[in-house]
Amino acid sequence: RAVAMSVSHSSKLNKLVREQYVRLPQDGLVQVTYVWIDGSGEGVRCKTKTLDKEPKSIEDVPEWNFDGSSTAQAEGSNSDMFLVPVRMFRDPFCLDPNKLVLCEVLKYNRKPAETNLRHTCKKVMDLVKDSHPWFGMEQEYTLLGINGHPYGWPDNGFPGPQGPYYCGVGADKVYGRDIVESHYKACLYAGVKICGTNAEVMPSQWEFQVGPCEGIEMGDHLWMARFILHRVCEDFGVVATLDPKPMTGNWNGAGCHTNYSTEEMRREGGLKHIEAAIEKLSKRHDYHICVYDPRGGRDNSRRLTGHHETSNIFEFSAGVANRGASIRIPRQVGQDGYGYFEDRRPAANCDPYAVTEAIMRTTVLNETGVETKDYGDH
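Residues numbered from 1 in each chain as written. Predicted model: local features only at pLDDT ≥ 70, side-chain atom pairs only at ≥ 80, totals over all residues. Heavy atoms only, no water.

## Re the pattern of salt bridges
Using the following cut-off: Each reported salt bridge corresponds to a side-chain nitrogen of Lys or Arg within 4 Å of a carboxyl oxygen of Asp or Glu. Starting at the N terminus, helices and strands are each numbered in turn, a helix being any DSSP run of H or I of at least four residues and a strand any DSSP run of E of at least two. A simple rule labels every residue: compare its accessible area, found with a 1.4 Å probe on the protein chains alone, to the largest value its type can have, and call it buried under 20%, exposed over 50%, or partly exposed in between.
Applying the stated criterion across every chain, the model contains 24 salt bridges. Lys-99 is paired through a salt bridge with Glu-54; the nearest N and O atoms lie 3.0 Å apart. Remark: Glu-54 occurs in the loop between β2 (44-51) and β3 (64-67) and Lys-99 occurs in strand β5 (residues 99-106); sequence separation between them is 45 residues. Among the residues examined, Lys-99 registers a relative accessible area of 8% and is labelled buried. Put simply, Arg-231 and Asp-235 hold a salt bridge, and the shortest N to O gap is 3.0 Å. Residue Arg-231 and its partner Asp-235 are located together in helix α4 (residues 217-236), separated by four residues, close to a single helical turn. Its relative accessible area of 17% is what places Arg-231 among the buried residues. You can call Asp-235 partly exposed: its relative accessible area is 29%. Beyond isolated ion pairs, a larger network of salt bridges with shared partners links Glu-42, Asp-243, Arg-295, Asp-299 and Arg-302.

## Let's talk about the UniProt feature "domain: GS beta-grasp" (unreviewed entry) in the protein
Note the following rule: UniProt positions are given in the numbering used here, feature names are shortened, and annotations may be inferred rather than shown by experiment.
Within the UniProt annotation, "domain: GS beta-grasp" (unreviewed entry) is assigned to residues 30-110. A distance of 28 Å separates the end C-alpha atoms of residues 30-110, which is 0% helix and 48% strand.

## With respect to the environment of Gly-136
Applicable threshold: For this analysis, residues touch if any pair of their heavy atoms sits within 4.5 Å.
Position of Gly-136 among the secondary structure elements: in strand β6 (residues 134-144). When its relative accessible area of 15% is taken as the criterion, Gly-136 is described as buried. Note: C-alpha distance between Gly-136 and Tyr-260 (124 residues apart in sequence) is 6.7 Å. Leave out the neighbours within four places in its chain, and Gly-136 touches Val-210, Gly-211, Met-218, His-257, Thr-258 and Asn-259.

## Here's the deal with the packing of helix α3 (residues 177-190) against α4
Operational definition: Axis lines are fitted to C-alpha atoms, over the contacting stretch for helices. Their N-to-C directions set the angle, which ranges from 0 to 180 degrees. The scheme is simple: roughly parallel for angles under 35 degrees, roughly antiparallel for over 145, roughly perpendicular for 65 to 115, oblique for anything else. Left-handed is the label given to a crossing in which the near helix is rotated counterclockwise from the far helix by less than a right angle, and right-handed is the label when the rotation is clockwise. The nonpolar class holds Ala, Val, Leu, Ile, Met, Phe, Trp, Tyr, Cys and Pro. Asp, Glu, Lys and Arg form the charged class, and all remaining residues, Gly among them, are polar.
Where α3 meets α4, the closest approach of the two axes is 9 Å, and the angle between their N-to-C directions is 135°. Here α4 runs oblique to α3, going by the angle between their axes. The interaxial crossing formed by α3 with α4 has right-handed handedness. The segment α3 lies against α4, with Asp-178, Ile-179, Ser-182, His-183, Ala-186, Cys-187 and Ala-190 engaging Ala-225, Ile-228, Leu-229, Val-232, Cys-233 and Phe-236. Residue classes in the contact of α3 with α4 are distributed as 10 nonpolar, two polar and one charged.

## Re unusual backbone geometry
For the peptide bond that leads from Asp-96 to Pro-97, omega is 5°, which places it in the cis range. By the element assignment, Pro-97 lies in the loop between β4 (80-90) and β5. With an omega of -10°, the peptide bond running from Gly-211 to Pro-212 counts as cis. Mapped onto the elements of the fold, Pro-212 is located in strand β8 (residues 205-214). For His-308, which is not a glycine, the phi torsion comes out positive at approximately 55°. For His-308, the position within the fold is in the loop between α8 (298-301) and β11 (318-320). A positive phi angle, near 60°, is found at Asn-366, a position not held by glycine.

## What to know about helix α6 (residues 271-282)
Put simply, the rule is: Between the first and last residue of a helix there are one fewer steps than residues, each counted as 1.5 Å, and that sum is the expected span. The arc under discussion is defined with respect to the helix axis, by the directions toward the C-beta atoms.
Taking 1.5 Å of rise per residue, the 12 residues of α6 would be expected to cover 16 Å, and the 16 Å separating its terminal C-alpha atoms lies within 8% of that figure. Taken together, the buried positions of α6 are occupied by Leu-271, Ile-274, Ala-277, Ile-278 and Leu-281. Projected down its long axis, α6 shows its buried positions confined to an angular sector of 120°, all on one face.

Listed below in structure tokens is the structure:
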């Protein structure tokens, strides 16, 4: 019996017909799609406008606005929000010369919207720029049918237990590789610093990695990679969820492991700087847990149980090559005596701006406790 996959109606429209229109010349005009983070702190929104020539830099892209009352970012009586372009990418959906532009959202009074976490992240990254912080983030996600059930799982049951699926090959091991490979190519075309991908431990779960990125670039590139993922999934008629524990029971959750180093950690003898940073992190565990998912740790509490390759949310731990620790020092780094470390606590639906900012506040700016310092405008 053929199982009807739960895909969206629009994915069944004839894509060859669309192709005919995509190829039409534009006579020098350019479509620019503005992308921003909505009031949930997790969702992305977009809209497109025509420019009369190809923008060569972000300064060539004008500010725009949108109705914040429809994105949970403003009330109807005063709903205009500003879109301030911050980073430009090539558009893999409409192709050159068209652009995707990531934007910060400002309120009517030009103050950052509540879910615009880039604003303070940028201030902090400017303060610590001499330490040259590099990040690489590993974005796990799960493919769902539009019925909310993991894509490719039996309609009325479960696949076999975890084991054969991680980095798996074969129609009975992995589901949705077309989506993953399309996303990878689209990111490369766009100029997103995607550096790898693999099938994850739970079937229908995948991961892509972005980095190394310096400073604010990390959040910019990961958010655009997420936008492209959702947009690719739309074409295929399925949904990518960043829920940290999409399936209860004996299944792995989804994280966004964050690899981090400063210039001094990457140099000969850097291990002592790595250990000093981990010591600072150990004293500020509660603060980090609070910013590592959009709900102050509630989402992560479903994932960080001490099982399924996670640490316990209530305890800080660190170890070499230990995937059950809060912080993992890769074995190679232990041997070489320099390199980077991995914070395994951030949830799949974390805001990368919040995560990278928190790491810098604790390890470079030497903040302690649960309060953060306001550094004003530098």
